Amino acid sequence: MADIELDGASGLVLDLRNNPGGLFNEAVSAASQFLASGKVVLERNATGKITPVPVESGGSALTLPLVALINGGTASGAEIVTGALQDAHRATLVGEKT
């Protein structure tokens with residue numbers, strides 16, 4: 001990401017179309033690359049207890065304009081990333097409902 005900024009990128013397009021999943025921890029890490037603070041997702045356990053999962057520090061693309069492409073095939077971990085970006089007003093979402 002640092003190289004992209006050094007090369008003069010003026011924005012990023014994150015293509016999550018037809019991305020059917022991913023690991024929970026990787027989704028948190030991916031979303032954290034674009035978020036400076038806050039929460040990525042709310043996790044609910046079997047007893048109904050809700051725990052916020054915070055943004056991990058050290059994101060490398062915190063200020064570049066961001067567009068996320070999504071569609072009906074965007075699911076699971078990709079939806080966690082999309083939802084975090086949307087809730088933080090960090091990216092413009094383009095496409096179809098997931």
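Use the structure listed above.
Residues numbered from 1 in each chain as written. Predicted model: local features only at pLDDT ≥ 70, side-chain atom pairs only at ≥ 80, totals over all residues. Heavy atoms only, no water.

Notes on the overall build of the chain
Note the cut-off: In this description a helix means any DSSP run of H or I spanning at least four residues, a strand means any run of E spanning at least two, and both kinds are numbered starting from the N terminus. Burial classification: accessible surface area is computed with a 1.4 Å probe over protein chains only, and a residue below 20% of its type maximum counts as buried, one above 50% as exposed, and the rest as partly exposed.
When helices and strands are tallied, the chain shows three helices and five strands. Mapped in sequence order, the helices and strands of the chain form the string α-β-α-β-β-β-α-β. Taking the principal axes of its C-alpha atoms as reference, the chain extends roughly 50 × 30 × 20 Å. The buried share of the chain, taken over its 98 residues, is 32%.

Digging into the side chain of Thr82
To keep it simple, the criterion reads: Polar contacts here mean pairs of N or O atoms no more than 3.5 Å apart (in protein, one a potential hydrogen donor and the other a potential acceptor; neighbouring residues in sequence count only if both atoms are side-chain atoms).
On the secondary structure map, Thr82 appears in helix 3 (residues 77-87). A polar contact is formed between the side chain of Thr82 and the backbone oxygen of Ala78, at a distance of 2.8 Å.

Remarks on the sheet that holds strand 1 (residues 12-15)
One key point about sheets: their strands pair by backbone hydrogen bonds, in either a parallel or an antiparallel sense. Spelled out, the test is: One requirement defines pairing of two strands: DSSP has to find at least two bridges between them. The angle between two axes is taken between their N-to-C directions and runs from 0 to 180 degrees, where each axis is a line fitted to C-alpha atoms and a helix contributes only its stretch in contact.
Taken together, three strands build an open sheet; the order of strands is 1-4-5 and the sheet is parallel. This sheet does not close on itself; its edge strands, each paired only once, are strand 1 and strand 5 (92-95). Neighbour-to-neighbour, the strand axes of this sheet turn through a mean angle of 25 degrees, independent of strand direction.

Considering the pattern of salt bridges
Keep this limit in mind: Here, a salt bridge means any Lys or Arg side-chain nitrogen found within 4 Å of an Asp or Glu carboxyl oxygen.
In total, this model carries one salt bridge according to the counting rule given. With a shortest N-O distance of 2.7 Å, Asp15 and Arg17 are connected by a salt bridge. Accessibility expressed as a relative area gives 40% for Asp15, which makes it partly exposed.

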